[in-house]
Every structure is written in structure tokens, then in C-alpha cells.
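# Results of the structural survey
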Amino acid sequence: MSIVLGISCVFAVLAGLVHVYIFFLESIAWTNPRVRAVFGISTDAEAQATRSLAFNQGFYNLFLAIGAVLGTVLVATGSGTTGWPLVVFSAACMLGAAVILAGTGRKYLRSALVQGTFPLVALLFAFIGSMLVA
């Protein structure tokens, strides 16, 4: 594997770790006052009312993280034919979700940058690396 594709894998794993953290916030710690503040949830009643939605959303993030990390593991162990599609699909979904988040309002731009920067870099390096190999 080239250095460029290796960099793509590193950023895919970093993106996965960010999404595991988001899973933790949304699916496990949602009603914690500090987590509520992160998501702009002002009351415990509001957190309880949205808990099942956040729980579900957290698992979407976890599944994307699993795809990115598993794809990277497959690439690293020589199964690039299976691994790269997982890495690219997972990173593209993460980036797409970040774009949608950014489009919902200015107050979400920082969160969208946190969520979308690593997958964007992973995709860029995957694209550059694939052009160098071809």
C-alpha cells in the first residue's frame, strides 16, 4: 500500500473514532447535563423526550465507524478489494451527514467540521492514491 493510501486509512480510522464518540454522546450519555449542553438540550424533560431518537442516531454513527475501521483493517491485512469499498462508502456517508448538518444552520457549522473533516481527508487521499496506482 502506498503512503498516500496509508494516510487515507489513518484518517478513516480517525473519522471512525469521532463517530464512536458521537455514538457515546447520543446513545449512552444523552441525558447527562454536559452532553445536553453540547446538543443544545436545555431541560431534562427535553432530553427524555428525544432520548430514543438520539439513541437511534447514535447507532447510525457507530455503524459508520465500524465500516471505516473494519474496511481499514481489511485493507491493512491485504483484502483491499473488500476493504476499500467499505472505507470509501463509510467516509462518504460521514461526509454527506456533515454536509447535511452544515446545511441546517450556522450554529451547526463547528459540529459539521468536526464530523466531516477526517472523512473528507480520507476520501481525498483515497482518490489521489487510486489515481497514482492506476
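Residues numbered from 1 in each chain as written. Predicted model: local features only at pLDDT ≥ 70, side-chain atom pairs only at ≥ 80, totals over all residues. Heavy atoms only, no water.

The helix and strand inventory of the protein stands at five helices and zero strands. For the protein, the α and β elements follow one another from N to C terminus as α-α-α-α-α. Principal-axis analysis of the C-alpha atoms places the extent of the protein at approximately 55 × 30 × 20 Å. For the protein, the proportion of its 134 residues judged to be buried stands at 35%. A fraction of 60% describes how many contacts in the protein between residues 6 or more apart in sequence connect residues 24 or more apart. (Helix = DSSP H or I, 4+ residues; strand = E, 2+ residues; numbered from the N terminus. Buried < 20%, exposed > 50% of the residue type's maximum accessible area, 1.4 Å probe, protein only. Contact = heavy atoms within 4.5 Å.)

The terminal C-alpha atoms of helix α5 (residues 109-133), which comprises 25 residues, lie 35 Å apart, in line with the 36 Å expected from a rise of 1.5 Å per residue. At G116, α5 is bent by approximately 40°, the largest bend along its length, and proline P119 sits one to four residues beyond. Those residues of α5 lying buried are A112, Q115, G116, P119, V121, A122, L123, A126 and G129. Contacts from the buried residues of α5 go to α1 (3-28) and α4 (80-103). (Expected span 1.5 Å × (residues − 1). Bend = angle between axes of the 7 residues up to and from the residue.)

Within the fold, V13 resides in helix α1. A sequence separation of 54 residues divides V13 from G67, and the C-alpha atoms of the two residues are 9.7 Å apart. Setting aside residues no more than four positions away along its own chain, V13 makes contact with V69 and T72.

Turning to the packing of aromatic side chains, a few remarks are in order. Tallied over the entire structure, the rule returns five aromatic pairs. Both rings, one in F59 and one in F63, keep their centres 5.9 Å apart while their planes meet at 50°; by these two values the pair is tilted. In this pair, F59 and F63 are both assigned in helix α3 (residues 44-76), four residues apart and thus about one turn of the helix distant. Take F59: its relative accessible area is 25%, and that puts it in the partly exposed class. (Phe/Tyr/Trp six-rings, centres within 6.5 Å; stacked < 30°, edge-to-face > 60°.)

Turning to the packing of α3 against α4, a few remarks are in order. One can describe the packing of α3 onto α4 by two numbers: an axis separation of 7 Å at closest approach and a directional angle of 150°. Between α3 and α4, the angle falls in the class roughly antiparallel. The two elements α3 and α4 cross, and the hand of that crossing is left-handed. Residue-level inspection shows L64, A65, G67, A68, L70, G71, T72, L74 and V75 of α3 in contact with α4, the latter providing G80, T82, G83, W84, L86, V87, S90, C93 and M94. Looking at the contact of α3 with α4 residue by residue, the classes come out as 11 nonpolar, seven polar and no charged. (Axes fitted to C-alpha atoms, helices over the stretch in contact; angles between N-to-C directions. Parallel < 35°, antiparallel > 145°, perpendicular 65-115°, else oblique. Left-handed = near helix turned anticlockwise from the far one by under 90°. Nonpolar A, V, L, I, M, F, W, Y, C, P; charged D, E, K, R; others polar.)

So, about the packing of α1 against α4. Between α1 and α4, whose axes approach to 10 Å, the crossing angle comes to 50°. Considering their axes alone, α1 and α4 lie oblique with respect to each other. Here α1 and α4 pass one another in a crossing that is left-handed. Only W84, V87 and M94 of α4 make contact with α1, whose side of the interface consists of L5, S8, C9, A12, A15, G16 and H19. Grouping the amino acids of the contact of α1 with α4 by side-chain chemistry returns seven nonpolar, three polar and no charged.

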